Amino acid sequence: MMTLEEKLRLLCEATGVTGDEGAASEVAADLLREYTDKVTITPDNSVHAIVYEAGEDKPTLLFDAHIDEIGMIVTHIDDDGFVRVGSVGGMDRRLLLAQEVVLHGTEEIPGVVLTRAPHLQSPEEHDKVPEVKDIIIDTGIPGDELKEILCLGDRATLKSRFVRLQGDHVSSKAMDDRSCAVCIFAALDELKGKELPVNLAVSFTSQEEITGTGATNTAYTLHPDVAIAVDVTNAMTPDSDKLKCSELGKGAAIGIAPALDRKIWKKLIALAKEHDIPYQHEVMGGHTATNADLIVTVRGGVRTGLISLPLRYMHTPIEVARLCDIEAIGKLLAAYALDPEL
Amino acid sequence: MDLKLLEKLCELNGIPGDEGDVVDFIVSEIEGHCESWQVDPLGSLIVFKKGKETPKKRVLFSAHMDEVGMMVSYITDEGLLKVVQAGGIDDRAIFGRQVQIGKNRIPGVVGAKVLHHLTDEERGKALKTSKMYIDIGCTTREEAEALVEIGDPVCFVSDFEMLGKNRIKGKALDDRFGCAVMIEMIKKDLPYDCWFCFTSQEEIGLKGAWSAGYIVNPDIAVILETTTPGDLPGVSAPDDCCRLGKGAVVPFMDRATLYPRNLYKWAHTTAKERGIAIQTKTLVAGGNDAGAYQKIRGGAACLNISAPCRCLHSATVIADLGDIDAVEKLALIAAEELPNF
């Protein structure tokens, strides 16, 4: 059996920019087949699984994480082979120059975001970062050849190298939100062979970063009575606002927000205390900016909770999370499945 | 060009003042192919290559070993590393990269305040190096101090790879490319005695060339380098300065040096006669170790032959194999003809 870190690496290395999640969805679906045969990939690239069937008369609990990652979309290929792109999701423009890029055409094409030579730059330009639409990607391939393997609408990602840092810190692109899929796998490991009072469904949904299509359609199709969304939350760094942050290594961040179900978050806190699972609060005044905002609205309303994984440097190719937090969330999800608030 | 050799050179880490690993590797390559070598007090490697004849003029070939990078300047209570630049890197080409720290190549990532906590104005502003930090996964200063020391070098992680069929991309091509050309020259039989300086500390102001140039005292110094083309879409001559894929760049002037007219003309005439692609800079931009050699011990006459490289001073330098070939060919002819120039 693969370790959580191996699953995380496999998922993070898969490509699945919003709206074109197919490759990442395949990887996630394969990993789910360790737990159940009832795995499907929907036409809009979400992965659905029925992991446990308690019976038709029993309520259904859904664990959800999104499968898409931020990236770019090819908008123009010129005759010299320079590629222009648009942003898909919230790209951090501050890190684009001289960045390694992978263009996902009929093959993986390496590229580099070009910098303007110093002699062409005014001091003002030097203080600014370009818009995504203005960056130029060099592939080294002549335009006519490039157009045979890359077309408009193909996606691009920033190159990333999954790396284990000191302790249990891991860094990669797409930890948002593949690391939360791994939280769900950790829960399924805990639940193996155990009897549950509910039907348990799992979804890895498409298009969270923009449109929210995957979560909305998934909540309709799987029709859960209760759902827990799992997503990432900004973890503290010395320069960030303490009140807006969770902390790495301090466990599951339990979501507290108007749209979230009060009974569910209280139950999650009670379970964390009962089972000695590290947890912290994440209080949000308005939207949670996660799939929870969408799942709650579907089919007459779904009572939903949110658990977040602390993550540093969100929306960069070097997002950092800790395995101990992933394990804590896995334990909390498992505890909830065994003793849910319905 | 032996691309495997170039790849090995680029994957070594060597910021200015810490070129030791590069020296060791080059020595392992050239031993047995040269008369003698020495490392000078500033860390430059000086190689004497005996040719078939001893000419009247002492010709020196030079390329620098150091690459742009950073140094650890402070360790925070939270176990994050603050850095200063060693060599000039565009601030905008540092955040979000993977790096390696020190001899043990401790992996780290360059972080900064997260996007979601920025104002709209901050999102469009260049992030300064002083606002970044390297996260190695330590949670306290003590933990980090056990692995990293103040002053440790920090280098980018970047794969050496092909871009299409005719270009390469890697870190440190500036100027391990020049080093690779010189290693291959040393491995050949040359008609005349030549000196080769693999200089240290070019990126912080040509320091290594000052000491090595004094020791060798050349009549002619040929600097093998990389230089920045401005050839983005929409930029044409003369603003582009030079272009990738258009051959070796031999300038008449840059920001540090006014090159002797006779050597400049020799290079352009010879390249055209021999069918070697050559171009000049159409602007006064850049600079290299010639800025030092022209002033040492009464001065050497300098010639600069460069490969144009996009994204110079970053983790993702791009060079063209045709340009590389042109520089190699012209450098070899220089070794045949300049000793009797």
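Residues numbered from 1 in each chain as written. Chains lettered and ligands numbered in written order. Predicted model: local features only at pLDDT ≥ 70, side-chain atom pairs only at ≥ 80, totals over all residues. Heavy atoms only, no water.

> Before we move on, can you summarise the domain arrangement of chain B with the specific residues and values?
Where interface size is quoted, it is often the accessible area lost as the parts come together. Residue and element names in this part refer to chain B. Domain annotation for chain B reports domain 1 (3-67 + 171-340) and domain 2 (69-156). Once you take the C-alpha centre of each, domain 1 and domain 2 turn out to be 31 Å apart. Between domain 1 and domain 2, the residue contacts involve 15 residues of the former and 16 residues of the latter. Summed over both partners, the interface of domain 1 with domain 2 comes to about 1,100 Å²; 55% of that surface belongs to carbon and sulfur atoms. Area buried by domain 1 at its contact with domain 2 is led by N13, I15 and H313, which between them contribute 45% of it. (Domains from an automatic or database assignment. Contact = heavy atoms within 4.5 Å. Buried area = accessible area lost by both parts, 1.4 Å probe.)

> Which residues make up the packing of aromatic side chains, and what values do they have?
A complete count under the given rule lists 6 aromatic pairs over all chains for this structure. Relative to Y133 of chain B, the ring of Y313 of chain A lies with its centre 6.3 Å away and its plane at 50°, an arrangement referred to as tilted. Of this pair, Y313 of chain A sits in the loop between β16 (303-311) and β17 (319-322) while Y133 of chain B sits in strand β8 (residues 133-135), which puts the two residues in different chains. Judged by its relative accessible area of 2%, Y313 of chain A is buried. Taking relative accessible area as the criterion, Y133 of chain B reaches 3% and is therefore assigned buried. (Phe/Tyr/Trp six-rings, centres within 6.5 Å; stacked < 30°, edge-to-face > 60°. Helix = DSSP H or I, 4+ residues; strand = E, 2+ residues; numbered from the N terminus. Buried < 20%, exposed > 50% of the residue type's maximum accessible area, 1.4 Å probe, protein only.)

> For the sheet that holds strand β4 (residues 71-77) of chain A, give the residues involved together with the corresponding values.
Residues and elements named next belong to chain A. Read once around its circumference, the closed barrel built from 6 strands follows the order β4-β5-β8-β7-β6-β9, with strand pairing classed as antiparallel. Sheet topology note: the strand β7 (residues 108-113)/strand β8 (residues 137-138) ladder contains 2 bridges and is antiparallel. Residue pairing across strands places V113 opposite I137, the latter belonging to β8. (Pairing = 2+ DSSP bridges.)

> Please provide a residue-by-residue account of helix α1 (residues 4-13) of chain A, values included.
Residue and element names in this part refer to chain A. Within the sequence span of α1, burial applies to L4, E5, K7, L8, L11 and C12. For α1, the buried positions fall inside an angular range of 160° around the axis, keeping them on one side. On its buried face, α1 is in contact with α2 (22-32), β10 (163-164), β11 (169-172), α5 (175-191) and α9 (323-338). (Arc of directions from axis to C-beta.)

> Explain the interface of chain B and chain A to me, and be specific about the residues and the numbers.
The interface of chain B with chain A comprises 64 residues on the first partner and 60 residues on the second. Here chain B and chain A share an interface that buries about 5,100 Å² over both sides, 58% of which is from carbon and sulfur atoms. On inspection of chain B and its partner chain A, the count reaches 9 salt bridges. Taken together, the elements giving at least two residues each to the side of chain B that touches chain A come down to β7 (106-111), α3 (120-123), β8, β10 (161-163) and β11 (167-170) of chain B. For the side of chain B that touches chain A, the leading source of residues is β7 of chain B, giving 6 residues. (Salt bridge = Lys/Arg side-chain N within 4 Å of Asp/Glu carboxyl O.)

> Account for the pairing of strand β12 (residues 199-205) of chain A, naming residues and giving values.
Residues and elements named next belong to chain A. Summarising burial for β12: 7 of the 7 residues are buried, a large majority. The alternating pattern of β12 places N199, A201, S203 and T205 on one face and L200, V202 and F204 on the opposite face, and all of these are buried. Note: strand β2 (residues 47-52) against β12, 5 bridges, orientation antiparallel. Bridged to H48 within β12 is S203.

> Account for the nonpolar core, naming residues and giving values.
Ranked by size, the top nonpolar core spans 74 residues in total, and within it F63, F204 and L333 of chain A carry the most contacts. For this core, the element with the highest residue contribution is α5 of chain A, accounting for 11 residues. Setting aside chain neighbours within four positions, we find F63 of chain A in contact with I184, A187, L200, A201, V202, S203, I228, L333 and A337 of chain A. In terms of nonpolar packing, the next biggest core, distinct from the first, is built from 61 residues, V250, W266, A326 and A334 of chain B among them. (Core = buried A, V, L, I, M, F, W, Y, C linked by side-chain atoms within 4.5 Å.)

> Would you mind going over the domain arrangement of chain A in detail, with residue names and values included?
Residues and elements named next belong to chain A. Under the domain assignment used here, chain A contains domain 1 (4-69 + 173-338) and domain 2 (71-158). Taking the mean C-alpha position of each, domain 1 and domain 2 sit 32 Å from one another. Facing the 12 residues of domain 1 at the interface are 14 residues of domain 2. Together, V17, H315 and P317 form the three largest contributors to the area buried by domain 1 at its contact with domain 2, with a combined 44%. In this assembly, domain 1 and domain 2 are joined by 0 salt bridges. On inspection of domain 1 and its partner domain 2, the count reaches 2 residue pairs in polar contact (both at pLDDT 80 or more). When grouped by side-chain class, the residues that make up the side of domain 1 that touches domain 2 number 3 nonpolar, 5 polar and 4 charged. (Polar contact = N/O pair within 3.5 Å; in protein donor to acceptor, adjacent residues only side chain to side chain. Nonpolar A, V, L, I, M, F, W, Y, C, P; charged D, E, K, R; others polar.)

> Explain the sheet that holds β10 of chain A to me, and be specific about the residues and the numbers.
Residues and elements named next belong to chain A. The sheet built from 3 strands is open, its strands ordered β10-β11-β17 with antiparallel pairing. Strand pairing shows two members of the sheet lacking a second neighbour, β10 and β17, which therefore form its edges. As judged from the 4 bridges shared by β11 and β17, these two strands associate in the antiparallel manner. If you follow S171 over to β17, its bridge partner there is V320.

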